[in-house]
Amino acid sequence: MIMKGNAKVVEPLWSIKGPYMTQAWKDVWEVRDVMLNQNVITQYHKYGNTQKREGDTQPESYSKRYAHAIRLYTEALQVLNGLEPIVFFEGELHEYIMSIRRKEISYEEAQQKVEELEKQVSLAEKENLKDLPKNVDIDKLATWFIPLKMQALANTPNKEIPELRDNLGTGHDGLKSRAENALLANDIQGTLLFVTSNGASAYGLPTDVDDYIAVFALETERSYQFLKPEVTILGETKGTKTKAFSKGLILVEIEYFARFLFKGNHVFSEAISRLYENREDTWESLAFKHFRESNQVSWLTSTLVYHYIGVMKGSLIKAKKGVDFKKSVYIAQKLLLQVQRVVNGNLPDSDIDISSLLSIKEGHIEENLLVNMESIVTELEGQKPWGLSSGDDLRSALNDFIISVRKSLMS
């Protein structure tokens, strides 16, 4: 949140009303100036514009919206003029804002004031924004954050995973070597957790490139250095960073993987299911294998079904519009086969009946196929929550595993 310039996170660092501060909070005060950068201005301006727009379109609530807009624009102007943000308003400005809240100032007058301030912010951005750092000074912020995080981690009751350092595992050693070489190529100091096939090759369908997902854990201190491995999927060669899934082997940090797994991402859920199939095109560390076998959690969640249905509906809309028609129908059919397994209490399976998928790939699409799929989707939506887990047990167990991984990989 600090990296993004979130105002609610930044403002407490300039609050003058905090009656109690821990030593850790005093330490961050020492480096708080690194928080003031172009991202902060962008957020203040954006949030101010949101409040202004809602006040413009909802006159009945103008008192609250315009008061917030004035506060946000004022703080943006402070920072743009080289001053600290005002968090505790006093004097005439405080009384003016409260007069708007009490509706003692008319809608028209308050709107005019908001518009004037917005213009001032826009002008100040053109003149002064370039004088502010583009982003947070990561190195300075890390001097506070990393020791604090490492200390908190060391004090957790979670046990370390001895076998993780040895990185022993079972499965296709060639895949392990390929993934570890990809880590080295990307200058990543990390430990491989598992590799599974992905895409068409996982289903035994014809493809020109075999796809794989390799999940790894960064060395702990590096994972806390704001390098954002959790928002990036890495390609097999250095410099191929993408937020989309690409061909070949991709690298995914465990926290990113977990985050999207909790959201019901079907690609990552299917990757997990392949570890249960004893396939030859997988490799799994003993650490992750032990986690799977010792935790009685359900990978089948209602969120996963929601995700399947959402992506299916998007693919069907594309197909009806003629956008990548064959590909869209193929994706919808594949998702349909998997979601039907999940709602019946089974893991997604690569060994599904692929005859219908092959037929679609070859261009043989039944006339009523789209109508039938839409009907099934409607029926599935009427059955929610499908008697499946909410995912809380999975979230808790996987979070505990990640903490144990971080403890094990502390330098």
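It should be noted that the structure appears before, not after, this text.
A short tour of the structure in this document, coming up. What you see is a predicted model, and the numbers here were worked out from it, not measured in a lab. (Residues numbered from 1 in each chain as written. Predicted model: local features only at pLDDT ≥ 70, side-chain atom pairs only at ≥ 80, totals over all residues. Heavy atoms only, no water.)

### A short note on unusual backbone geometry
Stated precisely, the cut-off is as follows: Put simply, DSSP marks the helices as runs of H or I at least four residues long and the strands as runs of E at least two long, and each gets a number from the N terminus on.
That bond from K384 to P385 is cis: its omega, 10°, falls within 30 degrees of zero. Within the fold, P385 resides in the loop between α17 (369-381) and α18 (392-408). Positive phi is not limited to glycine here, since K103 has a value of about 60°. Mapping K103 onto the fold places it in the loop between α5 (91-101) and α6 (107-128).

### Looking at a positive patch on the surface
This is how it is decided: Only residues whose relative accessible area exceeds 30% and that form no salt bridge enter a patch; like-charged residues are grouped when within 9 Å of one another, and nonpolar side chains (Val, Leu, Ile, Met, Phe, Trp, Tyr) when within 5 Å. In short, Shrake-Rupley with a 1.4 Å probe defines the accessible areas, and a residue's cover is counted only from the protein chains shown. Definition used for salt bridges: Asp or Glu carboxyl oxygen within 4 Å of a side-chain nitrogen of Lys or Arg. When charges are counted, Lys and Arg contribute as positive and Asp and Glu as negative, whereas His and the chain ends are disregarded. Charge placement uses NZ in Lys and CZ in Arg. For Asp and Glu, CG and CD serve respectively.
A cluster of basic side chains, namely K247, K318, K326, K327 and K361, defines a positive patch on the protein surface. When you line up the elements, K247 lands in the loop between β5 (241-242) and β6 (249-253).

### Brief notes about helix α4 (residues 62-80)
Put simply, the test is: Here the expected span of a helix is defined as 1.5 Å times the quantity of residues minus one. A simple rule labels every residue: compare its accessible area, found with a 1.4 Å probe on the protein chains alone, to the largest value its type can have, and call it buried under 20%, exposed over 50%, or partly exposed in between.
In this model, α4 (19 residues) spans 26 Å end to end at C-alpha, consistent with the 27 Å of a helix rising 1.5 Å per residue. Where burial is concerned, most of α4 is hidden: 15 out of the 19 residues are buried. Positive backbone phi, at 80°, marks G82, one or two positions downstream of α4.

### Quick word on the packing of helix α11 (residues 254-262) against helix α12 (residues 266-275)
Formally: To obtain each axis, a line is fitted to C-alpha atoms, and for helices this fit is confined to the stretch in contact; angles are then taken between N-to-C directions over 0 to 180 degrees. With respect to orientation, any angle under 35 degrees is reported as roughly parallel, any angle over 145 as roughly antiparallel, any angle of 65 to 115 as roughly perpendicular, and every other angle as oblique. Contacts were defined at the residue level, with two residues in contact if any of their heavy atoms lie within 4.5 Å. Under the convention adopted here, Pro, Cys and the residues Ala, Val, Leu, Ile, Met, Phe, Trp and Tyr are nonpolar, Asp, Glu, Lys and Arg are charged, and Gly plus all remaining residues are polar.
Running from N to C, α11 and α12 cross one another at 105°; their axes reach a closest spacing of 8 Å. Classified by the interaxial angle, the pair formed by α11 and α12 is roughly perpendicular. Residue-level inspection shows Y256, F257, F260 and L261 of α11 in contact with α12, the latter providing F268, S269 and I272. Of the residues contributing to the contact of α11 with α12, the split by class is six nonpolar, one polar and no charged.

### Things to note about the packing of aromatic side chains
Two measures describe an aromatic ring pair: the distance that separates the ring centres and the angle between the ring planes. What counts here: Centre distance within 6.5 Å is the pairing criterion for rings of Phe, Tyr and Trp, where only the six-membered ring of Trp is used; planes under 30 degrees apart are then read as stacked, over 60 as edge-to-face, and the remainder as tilted. Two conditions define a charge located above a ring, namely a distance within 6 Å from the ring centre to NZ of Lys or CZ of Arg, and an angle within 35 degrees of the ring normal.
Summed over the entire model, instances satisfying the criterion amount to 15 aromatic pairs. Here the aromatic residues F194, Y256, F257, F260, F268, F288, F291, W299 and F401 are joined through ring pairs into a cluster of three or more. When the ring centre of W29 is taken as reference, the NZ or CZ atom of R32 above it lies at 4.2 Å. Sitting over the face of the ring of Y330, K361 holds its NZ or CZ atom 5.0 Å from the ring centroid.

### Notes on the pattern of salt bridges
A complete count under the given rule lists 17 salt bridges for this structure. With its nearest N and O atoms 3.4 Å apart, the salt bridge here joins E277 to R279. E277 gets classed as partly exposed once you look at its relative accessible area, which sits at 25%. Notably, a salt bridge pairs R292 with E284, separated by 2.6 Å at the nearest N-O pair.

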